[in-house]
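Understanding the architecture of this molecule
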Amino acid sequence: MLSQIPTYILSGMAITIAVTLVALPMGFVLGLTFALLRVYGGKFLSAIMAAYSTIMRGVPPLVLLFVLYFIISGVINLTPFWAGSLALGVVSSGYQLEIIRGALCSVGSTQMTAARAIGMSRAKAVRYIILPQALRLIIPSWSNEASVVLKDSSLVSALGVAEITRKSQLIGASTYKFLLAFLTAALIYFILVFLTNRLLDYVERKTRIPGFSHHSTL
Amino acid sequence: MSEWFTLFSNSLPEFWKGTLITLLLTSTGLGIGFLLGIPAAVIRIYGSKYLRWLAIGYIELFRGTPALVQLFVIYYGLPDMGITLDRIPAAIIALGLNSGAYQAEYFRSAIQAIGHDQMMAARAIGMSRIKAIWNIILPQAMRLVIPAWSNEPVSLLKTTAIAFLIAVPDLMTKAKMVATRTYDPIGAYLAVAVIYLILVVILTAILEYISRKSRIPGFDLEIEAQRST
Amino acid sequence: MDKYILEIQNISKRYGGNVILKDISLNVREGDTVVIIGPSGTGKSTLLRCINLLTRIDTGKILLDGKDITTKNVSEDEVRQHVGMVFQNFLLFNHLTALDNVMIGLTKVRKMPANQAKEKAMQELRRVGLADRASHYPGQLSGGQQQRVAIARALAMDPRVMLFDEPTSALDPELIGEVLEVMRKLAEEGMTMLCVTHEMGFAREVADRIIFMEHGVIVEEGPPAELFYRPKFERTREFLWKITELYGKHKDEEKPGDTST
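Residues numbered from 1 in each chain as written. Chains lettered and ligands numbered in written order. Predicted model: local features only at pLDDT ≥ 70, side-chain atom pairs only at ≥ 80, totals over all residues. Heavy atoms only, no water.

Right, let's talk about the interface of chain A and chain B for a bit. Contacts between the two partners involve 42 residues from chain A, matched on the other side by 36 residues from chain B. For the pair chain A and chain B, the summed buried surface comes to about 3300 Å²; carbon and sulfur atoms form 74% of the total. For the interface between chain A and chain B, the tally reads 0 salt bridges. Here chain A and chain B share 6 residue pairs in polar contact (both at pLDDT 80 or more) between them. Taken together, the elements giving at least two residues each to the side of chain A that touches chain B come down to α2 (42–58), α3 (61–75), α4 (80–117), α6 (139–152), α7 (164–175) and α8 (178–207) of chain A. Tallying contributions element by element places α8 of chain A first for the side of chain A that touches chain B, with 9 residues. (Contact = heavy atoms within 4.5 Å. Buried area = accessible area lost by both parts, 1.4 Å probe. Salt bridge = Lys/Arg side-chain N within 4 Å of Asp/Glu carboxyl O. Polar contact = N/O pair within 3.5 Å; in protein donor to acceptor, adjacent residues only side chain to side chain. Helix = DSSP H or I, 4+ residues; strand = E, 2+ residues; numbered from the N terminus.)

So, in structure tokens, the structure goes:
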């Protein structure tokens, strides 16, 4: 049993990473879509998206996870891993919506005007002028969101997903070394969060527009 | 829909008790976090080398790991060292330590936004460092921090739901009990979702009011706020 | 009257490889107004900051009322109470009203009772002509008013010497006059002052002595009449020319370096 612990922990870590890698892009796709609707979608859609954002950000992620988990598994038969990851993605979409909306607004209407002035359609202006700038702007906030999702992935342990927190619980229960088990989990999260932040710092530096420093306070 | 309202109204007494526990966790956690956050921020900026590393270590470790794991370390792990805590104190301490790290960063950006100049001006009329921090830097930082700091009570309120995982009888735990009793998990969790949402909306309104009231006339500086679950 | 209030003896200061002050010596008598001029980045501000101990000198000595303030066992905070400092960008405490800005040094540093401190602070605000703005916050005052409050804040500590570090260079032109007026009044009242400024009109009228500094050394010093009209060194002459063109305040016959006057 003892000799299996390292592989056990590593498999937990792999699942933690996998949950994050499902939830984060999913939150991004939903968040981006909803943000575009929020900003350019007209009164009705905009209001719906505002409500969506308020609800997603006003309810604890753990509570939302449970609600979504039971809804999802009531509709289709998914493993806890998929149901949990997708639910986490939906939770994140509310926050990513706000991040992207902030960036869209701060790129501003002047850029839109300029694009329309050279004959671009609204959709084209968003696609070629607004988004390329906005997506660069969101990187610092998005980096923060990535580590939030990584840390929130610990919550899916409550749904029985065998990620690192769940594995540590099981190891603790079988070896009676809870402190060691959870400190190990903490250390792994810390390293993962650290690496995520460094990676996204790097991405931000690489994608910066030369000579254009836009200090956004998203 | 009407079934759901029946579930909701039948469970109201339970939800009320759960709400009180949730609010207890939020307020005490916030208070402890406040008392830890200010010195941690001040030390991180003005402390000697070793003290500074201590503050950085505390802040970064608690911000870089999930609150849930911190809670498990304190509730399940500390008994290995002979420290056994009841559920509620364990939850309060974990939430307080976690919130303190985030609050420290809010205070730090506020203190840094005020800048060296104010410190220099205070030193120039003969104030000691400590006096300058206490009389000049902190009073300004405390006002400046409010818009960004306003996120913390709401954020912490949402984080308290993890106490459910060590069976603290908070709102979330009540939801689980109702779900088991009624065989309607979606209805039960939806009900507490609504309650959390109401609490968040009320808390946000109160904080916005305070934020408006506390502005220094003619003095505007904004500092950054980020989600900190 | 012959006693020096401030004696600066051979002080030097370097940052990294850059020598900011090189063997500077300067004596100031009680009631003197000394104006320091020179190109920017030549150590004028650093000199003032050294006197207020906001910057520590590397070598040399500074005596205030005959007492060495640069030795280790002297309390910086104690010294600073006797050396008032006015900054280029005012640096009022943003969270305090004008009155509280002037009061806080009295109550927190001097431990004066609040009512007594208030009275004294109001007196200083009257001195700079701002008694009616006592309850305004810095953000509600014009730049000129803020700087006058900053002067009152320094005066409240009853300093032996007042240091002015380009007190008008952050101000819009129309606000400069009111600050210079306050300074002129202070000089007349007999306050000992060291001013770094580019206001040549003020220097000429108010200063007892002008000091021209360049590259961390005192190039030349003397009474205004001498330094402005009969500068000994070419560098001084050049600087005065440039500053005159920039500010355009001299009349033709007062052309610096013109020895016919």
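Next, the rest of the story.
Across the boundary between the two partners, chain B contributes 21 residues, which contact 27 residues of chain C. A combined buried area of about 2100 Å² lies between chain B and chain C, and 64% of that area is made up of carbon and sulfur atoms. One can count 2 salt bridges joining chain B with chain C. Two residues, R123 of chain B and E76 of chain C, come together in a salt bridge whose shortest N-O distance is 3.3 Å. Linking chain B to chain C there are 7 residue pairs in polar contact (both at pLDDT 80 or more). Residue assignment for the side of chain B that touches chain C shows that the elements contributing at least two residues are α5 (87–124) and α6 (129–144) of chain B. For the side of chain B that touches chain C, the leading source of residues is α5 of chain B, giving 7 residues. Split into classes, the residues belonging to the side of chain B that touches chain C amount to 11 nonpolar, 6 polar and 4 charged. (Nonpolar A, V, L, I, M, F, W, Y, C, P; charged D, E, K, R; others polar.)

Let us now look at the nonpolar core. Counting residues in hydrophobic clusters, the biggest one holds 236 residues, and the most contacted among them are L125, I151 and L194 of chain C. The element contributing the most residues to this core is α5 of chain B, with 17 residues. When sequence neighbours within four positions are dropped, the list of residues in contact with L125 of chain C reads A98, L99, V102, L130, A131, A134, V149 and A152 of chain C. (Core = buried A, V, L, I, M, F, W, Y, C linked by side-chain atoms within 4.5 Å. Buried < 20%, exposed > 50% of the residue type's maximum accessible area, 1.4 Å probe, protein only.)

The next point concerns the environment of F34 of chain B. Residue and element names in this part refer to chain B. Assignment of secondary structure puts F34 in helix α2 (residues 12–46). Judged by its relative accessible area of 28%, F34 falls in the partly exposed class. Separated by 68 residues in the primary sequence, F34 and Y102 place their C-alpha atoms 9.5 Å from one another. In contact with F34, other than residues within four places in its own chain, are P39, Q103, F107, M142 and W149.

Glancing now at the sheet that holds strand β3 (residues 33–37) of chain C. Residues and elements named next belong to chain C. Read from one edge of the open sheet, 6 strands run β6-β7-β8-β3-β9-β10, paired in mixed fashion. One side of each edge strand has no neighbouring strand; the edge strands of this open sheet are β6 (83–86) and β10 (217–222). Between one strand axis and the next, the sheet turns through 20° on average, direction left out of account. Relative to strand β8 (residues 192–196), β3 runs parallel, the two sharing 4 bridges. Within the sheet, the bridge partner assigned to T33 lies in β8 and is M193. Sheet contacts for helix α5 (residues 143–155): β6 and β7 (161–165); angle to β6, the most-contacted strand, approximately 170°. (Pairing = 2+ DSSP bridges. Axes fitted to C-alpha atoms, helices over the stretch in contact; angles between N-to-C directions.)

Given a rise of 1.5 Å per residue, 36 residues ought to cover 52 Å, and the 52 Å separating the end C-alpha atoms of helix α1 (residues 5–40) of chain A matches this to within 8%. Of the residues flanking the end of α1 of chain A, it is G42 of chain A, one or two places downstream, whose phi is positive at about 85°. (Expected span 1.5 Å × (residues − 1).)

Next up on the list: a nonpolar patch on the surface. All names here are of chain B. On the surface, V194, I198, I202, I206, Y209 and I210 cluster together to form a nonpolar patch covering roughly 520 Å² of accessible area. Within the secondary structure, I210 is located in helix α10 (residues 185–213). According to the relative accessible area criterion, I210 is partly exposed, its value standing at 39%. (Patch = residues over 30% accessible without salt bridge, like charges linked within 9 Å, V, L, I, M, F, W, Y side chains within 5 Å. Areas by Shrake-Rupley, 256 points an atom, 1.4 Å probe, with all protein chains shown as cover.)

Let us look at the packing of helix α3 (residues 49–63) of chain B against α5 of chain B. Residue and element names in this part refer to chain B. Relative orientation of the contacting elements α3 and α5 amounts to 115°, with a least axis distance of 8 Å. Classed by the angle they form, the pair α3 and α5 counts as roughly perpendicular. In this structure, α3 crosses over α5, and the sense of that crossing is left-handed. The segment α3 lies against α5, with Y58, I59, E60, F62 and R63 engaging G96, L97, N98, G100, A101, Y102, A104 and E105. Of the residues contributing to the contact of α3 with α5, the split by class is 7 nonpolar, 3 polar and 3 charged. (Parallel < 35°, antiparallel > 145°, perpendicular 65-115°, else oblique. Left-handed = near helix turned anticlockwise from the far one by under 90°.)

All names here are of chain C. Strand β9 (residues 209–214) sits mainly inside the fold: 6 of its 6 residues count as buried. Of the two faces of β9, the one carrying R209, I211 and M213 and the one carrying I210, F212 and E214 are both buried. Bridging between β3 and β9 involves 4 bridges; their strand directions are parallel. Following the sheet pairing, V35 is matched in β9 by I210. Note: β9 against β10, 5 bridges, orientation antiparallel. Within β10, the position partnered with I211 by the bridge is E221. Here β9 folds back onto β10 in antiparallel fashion, the turn holding 2 residues, of which H215 has a positive phi close to 50°.

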